[in-house]
Amino acid sequence: ASLNSMMQANGKLYFGNIIDTNTMQGNEDGVLKGEFGMFTPEYSWKWNRIQPEKGKFHFNDSDAVMEWAEANGKQIRGHTLVWHQNIPDWVDAITDKEDLMKVIKDHINKAVGRYKGRVYAWDVVNEVFNEDGTFRDSVFYRVLGEDFIPLAFRTAREADPNAKLYINEYNLDYAGPKIDAMLNLVHRLQAQNVPIDAIGSQTHLTSGRVNEVPAQLKRLASTGLDIAVTELDIRIKRPVTPAKLQQQKGEYALVTKGCLEVPACVGISMWGVSDQNSWVKEALPAFGAPLMWDGNLRRKGAYGAVDGLLRKG
Ligand SMILES: OC[C@H]1CNC[C@@H](O)[C@@H]1O[C@@H]1O[C@H](CO)[C@@H](O[C@@H]2O[C@H](CO)[C@@H](O[C@@H]3O[C@H](CO)[C@@H](O)[C@H](O)[C@H]3O)[C@H](O)[C@H]2O)[C@H](O)[C@H]1O
């Protein structure tokens, strides 16, 4: 039984992972198709890929990802529409309110409209907060303040009334000003009847700092929205040792159990298959071995822990 089918047997919608042009025909293809049911495009659906120049849209790679999913009976979580990273310079340079609102609406209408009725969800806004709970600096916040968030959600809802609309963020894994700010923002959006359906907790974790995850998932669920673990990996401070891998096993089980125990948690998505191809390798070289398969695509103890937990049901 696949992780996806066992997750469904436990009353959830999916167990997912990432996909993109670099992995669609790669050596992970078999594991991706065999284990996972929901896929998040790793980079080809981001603004700098879809609209690198104003008014010029490139959908070749994003179409290929959508067609790969449909050809293999898989679903897609669109990622991501409004994010401070991977923004072309022409967007970053905008200073006029009306101009930026028009540009945001146009981008969302084109990107969401193209896959209308074909995607399960969209990460509408991504990573809007600093660690201290203040809003992160971005062209969106600089020019429009917090208003870019309701604008993005309302536009996405009109463009695809069926897609689940997410706000997605990292480091919501422990109590502190960032998750407090997220909860307060969601309450403000709900009070304004902004069409937000769910909160995505990326869950990029550091081994040894995992224990609060279940409690924080419960807090996110207290908003009444769906929640999901959207980008799971648990990186280990180097050197990676058998004892640390043993600890990681328990941590993968704890996060999975944390989602199983919260009815509002619809599913878990991983951010990669093999340790070899993880973003952690380049971005955080002091850490390693964050995923459930090793560099030779052998299942790690982490896989066994999750598999065992889901089988127990
Ligand atoms: O940073 C990790 C997470 C954090 N949360 C949000 C989530 O979206 C983010 O994911 C990472 O987000 C990063 C920025 O978009 C992605 O990095 C992109 O990853 C792509 C594929 O490797 C890179 O594209 C390749 O770049 C190469 C050199 O520039 C080119 O030669 C390749 O043709 C091109 O495909 C992009 O430059 C690089 O920006 C990572 O794959 C992806 O794992």
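Residues numbered from 1 in each chain as written. Predicted model: local features only at pLDDT ≥ 70, side-chain atom pairs only at ≥ 80, totals over all residues. Heavy atoms only, no water.

Identification of the chain as Beta-xylanase from Ephemerocybe angulata is taken from an unreviewed UniProt entry. Within the UniProt record for the chain, the comment given under Catalytic activity (unreviewed entry) is "Endohydrolysis of (1->4)-beta-D-xylosidic linkages in xylans." Under the UniProt heading Sequence similarities (unreviewed entry), the entry covering the chain gives this text: "Belongs to the glycosyl hydrolase 10 (cellulase F) family." (UniProt positions renumbered as here; feature names shortened; annotations may be inferred.)

**Quick word on the overall build of the chain**
Each helix and strand counted, the chain has 13 helices and 10 strands in total. Its C-alpha radius of gyration of 19 Å places the chain within 12% of the 20 Å reference for a compact globule of 313 residues. When the backbone C-alpha atoms are referred to their principal axes, the chain occupies close to 55 × 40 × 35 Å. Evaluated residue by residue, the chain yields a buried proportion of 58% over its 313 residues. For the chain, the share of sequence-separated contacts (at least 6 apart) that also reach a separation of at least 24 residues comes to 76%. Accessible area for the chain stands at about 12,500 Å²; split by element, carbon and sulfur atoms hold 49% of it. In the chain, 37 positive and 39 negative side-chain charges are present, and the distance between their average locations comes to 4 Å. (Helix = DSSP H or I, 4+ residues; strand = E, 2+ residues; numbered from the N terminus. Rg over C-alpha atoms; globule rule 2.2 N^0.38 Å. Buried < 20%, exposed > 50% of the residue type's maximum accessible area, 1.4 Å probe, protein only. Contact = heavy atoms within 4.5 Å. Areas by Shrake-Rupley, 256 points an atom, 1.4 Å probe, with all protein chains shown as cover. Lys, Arg positive; Asp, Glu negative; His and termini not counted. Charge placed at Lys NZ, Arg CZ, Asp CG, Glu CD.)

**Examining unusual backbone geometry**
Of note, the bond from His 79 into Thr 80 is cis; its omega dihedral lies within 30 degrees of zero at -5°. In this structure, the amide linkage connecting Arg 238 to the following residue, Pro 239, adopts the cis form with an omega of 0°. Topologically, Pro 239 is positioned in the loop between strand E8 (226-237) and helix H11 (242-260). For Glu 127, which is not glycine, the phi dihedral falls at a positive 60°. With respect to the helices and strands, the residue Glu 127 is situated in the loop between strand E4 (121-126) and helix H7 (139-144).

**Focus: the UniProt feature "active site" (unreviewed entry) in the chain**
Following the UniProt record, one finds the feature "active site" (unreviewed entry) at Glu 231. Among the secondary structure elements, Glu 231 is positioned in strand E8. If we skip the residues at most four places from it in the chain, Glu 231 touches His 79, Asn 168, Ser 201, Gln 202, Thr 203, His 204, Ser 269, Met 270 and Trp 271.

**A closer look at the site of the ligand**
Close to the ligand lie 14 residues, the nearest being Glu 42, Lys 46, His 79, Asn 86 and Glu 231. In the environment of the ligand, an oxygen atom lies 2.7 Å from a nitrogen or oxygen atom belonging to the side chain of Lys 46. Trp 271 places a side-chain nitrogen or oxygen 2.9 Å from an oxygen atom of the ligand. Here the ligand loses 53% of its free accessible area of 780 Å² to cover by the protein chains. In terms of residue class, the shell around the ligand is made up of 4 nonpolar, 5 polar and 5 charged. (Near = heavy atom within 4 Å. Polar contact = N/O pair within 3.5 Å; in protein donor to acceptor, adjacent residues only side chain to side chain. Nonpolar A, V, L, I, M, F, W, Y, C, P; charged D, E, K, R; others polar.)

**A look at the layout of surface pockets**
Reported here for the largest pocket is a volume of approximately 440 Å³. Lining the largest pocket are 19 residues, and of these Trp 83, Glu 127, His 204, Glu 231 and Trp 279 lie nearest its centre. At the level of elements, strand E3 (75-83) and E8 are the ones that each hand at least two residues to the lining of the largest pocket. Looking at the lining of the largest pocket residue by residue, the class counts come to 6 nonpolar, 8 polar and 5 charged. (1 Å grid on protein atoms, 1.4 Å probe; cavity = no way out; pocket = protein on both sides within 12 Å on 5 of 7 lines; lining within 4 Å. Points joined across faces, edges and corners; volume = space filled by probe spheres on them.)

**Focus on empty space enclosed by the protein**
Space left empty within the atom packing is revealed by a probe, the size of a water molecule, rolled over the atoms. Inspection of the entire model under this criterion finds 1 cavity of 30 Å³ or more. Within this model, the largest cavity holds a volume of roughly 60 Å³. Around the largest cavity sit Val 82, Trp 83, His 84, Asn 126, Glu 127, Val 128, Phe 135, Arg 136, Ser 138, Phe 140, Tyr 141 and Phe 148, which together line it. Within the residue set of the lining of the largest cavity, elements represented by two or more residues are E3 and H7. For the lining of the largest cavity, the residue count by class is 7 nonpolar, 3 polar and 2 charged.

**Side note on the confidence of the model for the chain**
With 100% of its residues at a pLDDT of 70 or more, the chain shows a mean pLDDT of 98. What the predictor reports for the complex is a pTM of 0.98 with an ipTM of 0.96. (pLDDT = per-residue confidence, 0-100.)

**Concerning the packing of helix H6 (residues 97-114) against helix H8 (residues 148-159)**
Helix packing geometry: the angle between the two helix axes and the distance between the axes. At a minimum axis distance of 9 Å, the contact between H6 and H8 shows a crossing angle of 35°. With respect to the hand of their crossing, H6 and H8 are arranged in right-handed fashion. Contacts from Met 101, Ile 104, Lys 105, Ile 108, Asn 109, Val 112 and Gly 113 in H6 reach Phe 148, Leu 151, Ala 152, Thr 155, Ala 156 and Ala 159 in H8. Residues of the contact of H6 with H8, tallied by class, amount to 9 nonpolar, 3 polar and 1 charged. (Axes fitted to C-alpha atoms, helices over the stretch in contact; angles between N-to-C directions. Left-handed = near helix turned anticlockwise from the far one by under 90°.)

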